[in-house]
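Spelled out, the chains give:
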Amino acid sequence: MNTLTLSKGSSLSLTKTDPGLKHAMIGLGWDPRTTAGAQFDLDASALLLGANGRVRNNDDFIFYNQLEAKDGSIIHQGDNRTGEGEGDDEQILIDLSKVSAGVERILIIVSIDQAEARGQNFGMVRGAFCRVVNNDSDQEVVRYDLTEDAASETCMAFAELYRDMGEWRFRAIGQGYAAGLYGVVTAHGVVLD
């Protein structure tokens, strides 16, 4: 199977593109473009959203401090603090058959840890991508390479998996936010102390 590469705003049916897809691996990668000396630490997260665009509760926020969804449908593979090396910097595993019927969308976001204190933003990041791999066949199904400059943003919604008429679909988003991870997750209903 050839990998399909999407541009910002595009979507495709994962169900039609790879009918056997049950275990999806979301691979995310990036490289620092410029640095003032401070180490970059980008963090991938997933938000499980209902039809209203909000989490049902804080258990629907999967990140480096809460690596697994309660139902086992999503497992974050852990925090990569440097982003060094080739390939995926962080990975999120999704068992599509276990995702609760109450979840309409799985939003994949990446944020820069301590961005404000370190004076960092996505304009200093290059080679950012999000890809979906069939974890059973080890075949890459779709890839989205982020190309736009996001000089003031410290958090990006890379992509989402969403349900549409019984199918799972993938949408390339590439939307930056200056409000950071806190602003994005609280806007989707996560309650942080």
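Above: the structure in question.
Presented here is a report on the structure given in the accompanying data block. (Residues numbered from 1 in each chain as written. Predicted model: local features only at pLDDT ≥ 70, side-chain atom pairs only at ≥ 80, totals over all residues. Heavy atoms only, no water.)

### Points about unusual backbone geometry
Piece 1. Positive phi, close to 60 degrees, is recorded for Asp-138, a residue that is not glycine.
Piece 2. When you line up the elements, Asp-138 lands in the loop between β9 (125-134) and β10 (139-145). (Helix = DSSP H or I, 4+ residues; strand = E, 2+ residues; numbered from the N terminus.)

### Some remarks on the sheet that holds β10
Piece 1. Reading across from one edge, β1-β10-β9-β3-β7-β6 is the order of the six strands in this open sheet, with mixed pairing throughout. In this open sheet, the two edge strands, each paired with only one partner strand, are β1 (4-6) and β6 (74-76). In this sheet, adjacent strand axes meet at a mean angle of 20 degrees when their direction is disregarded.
Piece 2. Bridge count for β9 against β10 is six bridges, and the pairing is antiparallel. Across the sheet, the residue bridging to Asn-134 is Gln-139, located in β10. (Pairing = 2+ DSSP bridges. Axes fitted to C-alpha atoms, helices over the stretch in contact; angles between N-to-C directions.)

### So, the nonpolar core
Piece 1. The biggest cluster of nonpolar side chains holds 42 residues, and the ones touching the most others in it are Leu-28, Ile-106, Phe-158 and Phe-170.
Piece 2. Of all elements in the fold, only β3 (23-32), β4 (42-49), β7 (90-95), β8 (105-112), β9, β10, β11 (155-164) and β12 (167-177) reach the threshold of two or more residues within this core.
Piece 3. With 14 residues, the next largest nonpolar core counts Leu-49, Leu-107, Ile-173 and Val-190 among its residues. (Core = buried A, V, L, I, M, F, W, Y, C linked by side-chain atoms within 4.5 Å. Buried < 20%, exposed > 50% of the residue type's maximum accessible area, 1.4 Å probe, protein only.)

### A word on the environment of Thr-17
Piece 1. Considering the arrangement of structural elements, one finds Thr-17 in helix α1 (residues 14-17).
Piece 2. The partly exposed category is assigned to Thr-17, whose relative accessible area is 26%.
Piece 3. For the pair Thr-17 and Arg-169, spaced 152 residues apart in sequence, the C-alpha separation works out to 9.5 Å.
Piece 4. Side-chain polar atoms of Thr-17 contact the backbone oxygen of Ser-13, separated by 2.6 Å. (Polar contact = N/O pair within 3.5 Å; in protein donor to acceptor, adjacent residues only side chain to side chain.)

### Description of the pattern of salt bridges
Piece 1. One pass over the full model with this rule turns up 10 salt bridges.
Piece 2. As a salt-bridge pair, Glu-160 and Arg-105 come within 2.5 Å of each other at their nearest N and O atoms. Here Glu-160 is found in strand β11, whereas its partner Arg-105 is found in strand β8, with 55 residues between them in sequence.
Piece 3. Judged by relative accessible area, which is 26%, Arg-105 ranks as partly exposed. (Salt bridge = Lys/Arg side-chain N within 4 Å of Asp/Glu carboxyl O.)

### Some details on the pairing of β10
The two faces of the sheet receive side chains in turn, since in a regular strand these alternate between them.
Piece 1. The pairing of β1 with β10 spans three bridges and is classified as parallel. In the strand pairing of β10, Thr-5 is matched with Arg-143.
Piece 2. Between the antiparallel neighbours β9 and β10 lie four residues, among them Asp-138 with a positive phi of about 60 degrees.

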